[in-house]
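Each chain, written out:
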Amino acid sequence: MTTRIGELVERFGGQLIGSADVVVTSIAPLDMADEKNITFLSNPKFRNAAAKTKAAALILSPADDETIGQTFSGARIVTKNPYAYFARTSQFFEQKKKRPPQPGIHPTASVDPSAKIAPSATIGAHVSIDGDVVIGENVVIDAGCVIGRGAKIGANTHFYPRVVFLDGCEIGENGIIYPGAVIGSDGFGLANDGGAWIKIPQVGRVIIGNDVQIGANTTVDRGALVDTVIGDGVKLDNQIQIGHNCRIGDHTAMAGCVGVGGSSIIGKHCTLGGAVGVAGHLEIADNVHITAASNVSRSIREPGHYAGSYPLDKHEEWQKTASVVRNLDTLRDRVRELEKTIKEIKDKSL
Amino acid sequence: MTTRIGELVERFGGQLIGSADVVVTSIAPLDMADEKNITFLSNPKFRNAAAKTKAAALILSPADDETIGQTFSGARIVTKNPYAYFARTSQFFEQKKKRPPQPGIHPTASVDPSAKIAPSATIGAHVSIDGDVVIGENVVIDAGCVIGRGAKIGANTHFYPRVVFLDGCEIGENGIIYPGAVIGSDGFGLANDGGAWIKIPQVGRVIIGNDVQIGANTTVDRGALVDTVIGDGVKLDNQIQIGHNCRIGDHTAMAGCVGVGGSSIIGKHCTLGGAVGVAGHLEIADNVHITAASNVSRSIREPGHYAGSYPLDKHEEWQKTASVVRNLDTLRDRVRELEKTIKEIKDKSL
Amino acid sequence: MTTRIGELVERFGGQLIGSADVVVTSIAPLDMADEKNITFLSNPKFRNAAAKTKAAALILSPADDETIGQTFSGARIVTKNPYAYFARTSQFFEQKKKRPPQPGIHPTASVDPSAKIAPSATIGAHVSIDGDVVIGENVVIDAGCVIGRGAKIGANTHFYPRVVFLDGCEIGENGIIYPGAVIGSDGFGLANDGGAWIKIPQVGRVIIGNDVQIGANTTVDRGALVDTVIGDGVKLDNQIQIGHNCRIGDHTAMAGCVGVGGSSIIGKHCTLGGAVGVAGHLEIADNVHITAASNVSRSIREPGHYAGSYPLDKHEEWQKTASVVRNLDTLRDRVRELEKTIKEIKDKSL
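Along each chain, numbering runs from 1 in the same order as the chain's sequence is written. For naming, the first written chain is A and the first written ligand is 1, with later ones following in the order written. Note on the predicted model: pLDDT of at least 70 is required for a residue's local features to be given, and 80 or more for side-chain atom pairs to be given and counted; whole-chain, interface and lining totals, by contrast, use all residues. Side-chain calculation: all heavy atoms of the structure are included, whereas hydrogens and water are not.

**Topic: the overall build of chain A**
Next up, step 1: Looking only at helices and strands, one finds 6 helices and 40 strands in chain A.
Next up, step 2: We compute the radius of gyration over the C-alpha atoms and compare it with the globule rule, which gives 2.2 Å times the number of residues raised to the power 0.38. The C-alpha atoms of chain A give 27 Å as radius of gyration, which overshoots the globular expectation for 350 residues (20 Å, by more than 25%).
Next up, step 3: Its C-alpha atoms give chain A principal-axis dimensions of roughly 90 × 65 × 35 Å.
Next up, step 4: Between two residues, a contact is recorded if the distance between any of their heavy atoms is within 4.5 Å. Partitioning the contacts of chain A with sequence separation of at least 6, the portion at a separation of at least 24 is 17%.
Next up, step 5: Accessible area for chain A stands at about 14,000 Å²; split by element, carbon and sulfur atoms hold 50% of it.
Next up, step 6: The charge count includes Lys and Arg as positive and Asp and Glu as negative, but it does not include His or the ends of the chains. Charge positions come from single atoms, namely NZ of Lys, CZ of Arg, CG of Asp or CD of Glu. For chain A, the distance from the average site of its 36 positive side-chain charges to the average site of its 38 negative ones is 4 Å. The way it works is that DSSP assigns letters per residue, a run of H or I at least four long becomes a helix, a run of E at least two long becomes a strand, and they are numbered from the N terminus. The accessible surface values rely on the Shrake-Rupley method and a 1.4 Å probe; as for residues, cover is taken only from the protein chains in view.

Set out below in structure tokens:
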């Protein structure tokens, strides 16, 4: 299965320098590529590796093409964003290698007769599909998934094994949900009455846009009265928890183990590093970037880069530091006292 | 499906002011309610919204009834805890709307002949039930659950899809376990021998009381030698980890992503905010409330409100602060030195 | 089912003092043991309990044997590591009590005809096994597991219910994977192009060594281009997230809720406490021990004990402290200013 470089440029653009008839079989990193590969240079610090690569073709930026490109003997594709070009090219090769799904419903699946399943969809072994579910063209539902009553799944979306997607929830087109994710479980809504907790029914849904990716064992709760909404292009890594009523803006990405409390609204094009915690009922503006392990306890109104995690240290150093931290207000008071005394001394000596 | 206000008061108490024959179809928030709804005022800051609501009936406190209640033209239910009343009323309407389960065992379920399943129980598709399991009246076990040998499930308890409930574990009545939760996996018990780890068998069980709710993908480990015990009325949100041998007191609630180390004992009526970490072998008193993202590394003997999370900041500010934090003991020593010098100066100038 | 003490010593070594013909039925803690039990003393602080134990036999260290052993009337097994001896003995008794698995493929399992399954393996209800899978001798795959195309599972390995083990992944011998774990889901690889994210195919695998234990709902992502590698003897607790391309060294153990970012390399014989976060692209040396709730944002080159978590406090105290933390660089500047002033005063007074 070879591919002409010309075909890549026809599909993904970029300026081709060299022969369109160079053929490659796959994409590989600079140092692993051989004469059957195309490779890419996305970071100037790898220019040395690019100078030595054996690849038949190279994807690179205009700036890198002016320097390193001049000595490369193969075909070059010049593009503003070589890393994105690599991603698309890699997808293209993967698609060619992949076994095509075999549309149809596995005989062990349990499907309610009222479900509407496109003939091009593939339903795996031991899947359960409840009444009034709607499944679009080319959808793939892997083994062991459970789809609740009235759920809607858009075209080309892929559920990996053992996804639970509960009643009334919806996802758009081209989505991916990884194994073990749970979409539409009840939000954590409770009223306290004399010490005991009374459950508040959660009657909202989870509504997910197009091109969304949800990681393994991630959970997104249904809304209490309104819906929980995940925008287009949102990417959630593994083991993330999104509380009820949250709204996550388009193209926001969150790394693993993030937790977002109920009713928080996160803007578009944000990135949250691993294990970031966001309290409930907050608002975070568009284009906010939060460093891993930070804890967001107030709304963030301005775009920018935020951080807040306690520094790691040798254990003995940490013990000393932590003991001072506990008494920081005393330390500040001592500094105030010193300032006062020094002022008195200076005043006197004048 | 309409409901007379009088029926609500008969079920849930409160003082009715106005006609018992007002009929409503559901409960809605103040600003979304129309003349077919009952609504509720649980927070004085929403009095303005209450003054404008179009609802046919209003649940409110005696204090609010003295003011805002006087101008409301519909029926009023006066109660000490309008939020709890809302929760109960909302449950009542949900119950009426819900499809009743269809008792029986799905033909794809795999059930050991020695299991005792109440005739009123509902066992979903692809469920596996091992030997000597006991399942009570009106229990619902959704698709894909796995119930281990000898487990006991009390009346009216509901397992959502894909719950794993392992050998010998028990849960009381009226419980809810959400999708993907794993109850009774082995605790993390290991002995180190010359660098390699030897597994210590975990022979305890998980014993769960009545009225307990366990969130999606939450894990509760079985005890090593004794049982792990979850008290009555405990509410656990999603993605919580409870280690082996823990005991969680009645009516304690934990928000998402909390982790509790092995052998810790947490009191009654505690609340743990999201992502709180509790180390192993600690004791936490009754009525302790811990702010989200705090890390509990010592026992807490006194009831009260505890916190400990590092503040978020703009990234550049955080970098400055974190570098000072690392050297806090030096800063404290410098302050000490200053205090000494100033004392010397003052002594001299006397 | 009784066991002669002599049989234990033949299997697990140690020096027997007393009769090899003493028989016991199981192992129990010092204070719970009776004349049918063997017990163990692994911590000198329990010597008093050892002096009072009713057990028929006692496992203890040479040092403890010199003191407490002299007064114990039953048989003694003297060994350098009584805790490891306890673990092995406990495993031995558990093994005897356990129902043996019943080899064969459950009639509800869905197995591709090209899969190679050892005749001694046990495949549970509703399991899905894809093409070209290889399953070794005495493997047990519990209900609801999903095994992807070409995966390999070594002899004596046990998958608890609902494990997902995706295409091409491999695990060695004597492994245990607990319920809900997901091995080989795609890593979180994305390229940003004008604000939208483009998925980077993840073509590596997860390769797991021998004697590895992986906890409930833990996730280990497949590599992007290379493999994610989990070394021999690694023990992962519940709800851990291991990013793509990571390499975890032999015999490293991680407690619950740890998150490791992509491409990080962790050494051998490390321990990570609960909820530790490790950023991506770091290296951690062998024999590094990290306290629970710490956040590792730089590589650790030296073995040792590291920590870094913000101290818990009463809520009001925490508020005061946190407000000072936010302004620590100002406090440091004030101290500098004071130092300067005092120097001036001293210089002047000379």
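**Some details on the interface of chain C and chain B**
Next up, step 1: Taken residue by residue, the interface counts 64 residues in chain C and 72 residues in chain B.
Next up, step 2: When two parts are put together, the accessible area they lose, computed with a 1.4 Å probe and summed over both, is reported as buried area. Summed over both sides, the interface of chain C with chain B buries roughly 5,600 Å², with 63% coming from carbon and sulfur.
Next up, step 3: For salt bridges, the criterion is a side-chain nitrogen of Lys or Arg within 4 Å of an Asp or Glu carboxyl oxygen. In this structure, the connection of chain C to chain B is made through 2 salt bridges.
Next up, step 4: A salt bridge links Arg334(B) to Glu339(C); the shortest N-O distance between them is 2.9 Å.
Next up, step 5: Elements represented by at least two residues in the side of chain C that touches chain B include exactly α4 (82-97), β28 (235-236), β31 (253-254), β40 (313-314), α5 (315-326) and α6 (328-349) of chain C.
Next up, step 6: The dominant element in the side of chain C that touches chain B, judged by the number of residues it contributes, is α6(C), at 11 residues.
Next up, step 7: Here the term charged refers only to Asp, Glu, Lys and Arg, the term nonpolar to Ala, Val, Leu, Ile, Met, Phe, Trp, Tyr, Cys and Pro, and the term polar to all other amino acids, Gly among them. Split into classes, the residues belonging to the side of chain C that touches chain B amount to 32 nonpolar, 16 polar and 16 charged.

**Looking at empty space enclosed by the protein**
Next up, step 1: The distinction between a cavity and a pocket rests on a 1 Å grid over the protein atoms alone: a 1.4 Å probe fits inside a cavity but cannot get out, while a pocket stays open yet meets protein on both sides within 12 Å along at least five of seven lines, and a residue with an atom within 4 Å of a point counts as lining. Grid points are joined across faces, edges and corners, and a volume is the space filled by probe spheres set on the points. According to the stated counting rule, one finds 5 cavities of 30 Å³ or more in the structure shown.
Next up, step 2: What the largest cavity holds in volume is close to 120 Å³.
Next up, step 3: The wall of the largest cavity is formed by 14 residues, among which His126(A), Gly144(A), Gly144(B), His126(C) and Gly144(C) lie closest to the centre.
Next up, step 4: Classifying every residue of the lining of the largest cavity gives 3 nonpolar, 8 polar and 3 charged.

**Focus on the pairing of strand β6 (residues 57-60) of chain C**
Residue and element names in this part refer to chain C.
Next up, step 1: What you see with β6 is no split at all: Ala57 and Ile59 on one side and Leu58 and Leu60 on the other are buried throughout.
Next up, step 2: Strand pairing is defined by DSSP finding a minimum of two bridges between the two strands. Strand direction decides the pairing type here: strand β5 (residues 37-40) and β6, joined by 3 bridges, are parallel. Residue pairing across strands places threonine 39 opposite leucine 58, the latter belonging to β6.
Next up, step 3: A right-handed crossover is one whose linking path, passing over the helix from the first strand to the second, runs clockwise when the strands point away from the viewer. Once the chain exits β5 it traverses helix α2 (residues 47-52) before rejoining the sheet at β6, and the crossover so formed is right-handed.
Next up, step 4: Across 4 bridges, β6 lies against strand β7 (residues 75-78) in parallel orientation. Looking at the pairing, isoleucine 59 lines up with isoleucine 77 of β7.
Next up, step 5: Where the polypeptide runs from β6 across helix α3 (residues 62-67) and back to β7, its parallel neighbour, the crossover connection is right-handed. Each residue's exposure class comes from its accessible area (1.4 Å probe, protein chains only) as a fraction of the maximum for that residue type: buried when under 20%, exposed when over 50%, partly exposed otherwise.

**A short note on the environment of Ile141(A)**
Residues and elements named next belong to chain A.
Next up, step 1: Mapped onto the elements, isoleucine 141 comes out in strand β14 (residues 140-141).
Next up, step 2: Taking the relative accessible area as the measure of exposure, isoleucine 141 reaches 1% and is therefore buried.
Next up, step 3: With residues up to four places along the chain from it excluded, the contact list for isoleucine 141 reads Thr122, Ile123, Gly124, Val127, Ile135, Ile147, Ile153 and Phe159.

**Looking at the relation of the copies chain C and chain B**
Next up, step 1: Alignment of the copies relies on least squares applied to C-alpha atoms, considering only residues that score at least 70 for pLDDT in both. With an axial shift of 0.0 Å and an RMSD of 0.1 Å, the rotation relating chain C to chain B amounts to 120°. Taken together, the rotation and translation relating the two chain copies correspond to the operation of a three-fold axis.

**What about the pattern of salt bridges?**
Residue and element names in this part refer to chain A.
Next up, step 1: Throughout the structure, instances matching the rule amount to 54 salt bridges over all chains.
Next up, step 2: Linking glutamate 170 and arginine 205 is a salt bridge whose minimum nitrogen-to-oxygen distance equals 3.5 Å. Taken as a pair, glutamate 170 in strand β19 (residues 170-171) and arginine 205 in the loop between β23 (196-199) and β24 (206-208) lie far apart in primary sequence, 35 residues in all.
Next up, step 3: The class of arginine 205 is partly exposed, set by a relative accessible area of 31%.
Next up, step 4: Bridged by salt links that share partners, the residues Asp130, Asp132 and Arg149 form one connected network.

**So, the pairing of strand β7 (residues 75-78) of chain B**
All names here are of chain B.
Next up, step 1: Here β7 shows two buried faces, one formed by Ala75 and Ile77 and the other by Arg76 and Val78.
Next up, step 2: With 3 bridges joining them, strand β2 (residues 15-17) and β7 adopt antiparallel strand pairing. Looking across to β7, one finds that glutamine 15 is bridged to valine 78.

**Regarding the sheet that holds β7(B)**
Next up, step 1: Overall, mixed pairing links the 5 strands, which are arranged β2-β7-β6-β5-β4 (chain B) in an open sheet. The open sheet terminates on both sides in strands that have one partner only, identified here as β2 and β4 (26-27) of chain B.

**Concerning the interface of chain A and chain B**
Next up, step 1: Each side of the interface is counted separately: chain A has 72 residues, and chain B has 64 residues.
Next up, step 2: At the boundary of chain A with chain B, total buried surface from both sides reaches about 5,600 Å², with 63% on carbon and sulfur atoms.
Next up, step 3: At the junction of chain A and chain B, the tally comes to 2 salt bridges.
Next up, step 4: In protein, a polar contact means a hydrogen-donor-capable atom and an acceptor-capable atom, both N or O and within 3.5 Å, with residues adjacent in sequence counting only if both atoms are side-chain atoms; elsewhere, any N or O pair within 3.5 Å suffices. Connecting chain A to chain B are 24 residue pairs in polar contact (both at pLDDT 80 or more).
Next up, step 5: Of all elements in the fold, only β21 (182-185), β22 (190-193), β23, β26 (219-221), β38 (295-296), β39 (304-307), α5 (315-326) and α6 (328-349) of chain A reach the threshold of two or more residues within the side of chain A that touches chain B.
Next up, step 6: Among the elements that make up the side of chain A that touches chain B, the one with the highest residue count is α6(A) (8 residues).
Next up, step 7: For the side of chain A that touches chain B, a count of residues per class yields 36 nonpolar, 24 polar and 12 charged.
Next up, step 8: Note that β39(A) and strand β40 (residues 313-314) of chain B share 2 bridges and pair antiparallel. Its bridge partner lying in β40(B), Tyr306(A) is registered against Lys314(B).

**Examining unusual backbone geometry**
Next up, step 1: The phi angle at Ser263(A) is positive, at roughly 65°, despite the residue not being glycine.
Next up, step 2: Summarising the element assignment, Ser263(A) is placed in the loop between β32 (259-260) and β33 (265-266).
Next up, step 3: Of note in this structure, Asn174(C) is not a glycine but carries a positive phi near 60°.
Next up, step 4: Secondary-structure assignment places Asn174(C) in the loop between β19 (170-171) and β20 (176-177).

**What to know about the domain arrangement of chain A**
Next up, step 1: As annotated, the domain borders come from an automatic or database domain assignment. Taken domain by domain, chain A comprises domain 1 (3-97), domain 2 (104-306) and domain 3 (316-349).
Next up, step 2: Summarising the inter-unit geometry, the C-alpha centres of domain 2 of chain A and domain 3 of chain A are found 49 Å apart.

**Here's the deal with helix α4 (residues 82-97) of chain B**
Next up, step 1: A helix's residues, less one, multiplied by 1.5 Å, set its expected span. Over its 16 residues, α4(B) extends 22 Å from the first C-alpha to the last, a length consistent with the 22 Å expected when each residue adds 1.5 Å.
Next up, step 2: For α4(B), the full list of buried residues reads Pro82(B), Ala84(B), Tyr85(B), Phe86(B), Ala87(B), Thr89(B), Ser90(B), Phe92(B) and Phe93(B).

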